[in-house]
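In case you want the letters, here they are:
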Amino acid sequence: MLVVLALAFTASTVFAFDFNGGDGRKGKRLWKRYHTQCADGKTLPNKVGASTKTQAQWKDAFNNPSKLPCGGKWADGIKTEEDMQNVFRYLFDHAADSDQPETCG
């Protein structure tokens, strides 16, 4: 019984993405550093940034990583859950419909 509870707890925390967490300053550095190089070696256009989507669109993209630029796979980049939360915080806080949309890189 204890093993089943431990597995259930672990499984639920693995798939739980905290949309209220993250550090936007760290996320901006990660995004700027790693969004330009996709896992397949392609480079994203410079115009892909926080203000290219609304807050709801960024939230949807992080719920479905295939909708993220590069399908959410960056070469030598964003690998940990904490890094993903930091990137989400930056993109969400500076989305097109946010209080402080990103106006330049």
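Heads up: the structure comes first, above all this text.
All figures in this text were calculated on a predicted structure; none of them were measured in a lab.

A. Representation of the environment of T103. Here T103 shows up in the segment after helix 4 (81-93). Spatially, the C-alpha atom of T103 lies 9.1 Å from that of A50, the residues being 53 residues apart in sequence.

B. Region of the structure containing the pattern of salt bridges. Enumeration according to the criterion identifies three salt bridges in this entry. A salt bridge links E102 to K32; the nearest nitrogen and oxygen atoms lie 3.5 Å apart. Here K32 lies in helix 2 (residues 24-34) and E102 lies in the segment after helix 4, a separation of 70 residues in the sequence. With a closest N to O distance of 2.9 Å, R89 and D93 form a salt bridge. Taken as a pair, R89 and D93 lie in helix 4 at a separation of four residues, close to a single helical turn. Looking at R89, the relative accessible area reads 12%, which means it is buried.

Thresholds, definitions, all that
Residues numbered from 1 in each chain as written. Predicted model: local features only at pLDDT ≥ 70, side-chain atom pairs only at ≥ 80, totals over all residues. Heavy atoms only, no water. Helix = DSSP H or I, 4+ residues; strand = E, 2+ residues; numbered from the N terminus. Salt bridge = Lys/Arg side-chain N within 4 Å of Asp/Glu carboxyl O. Buried < 20%, exposed > 50% of the residue type's maximum accessible area, 1.4 Å probe, protein only.

The values reported here are purely geometric and, on their own, carry no functional implication.
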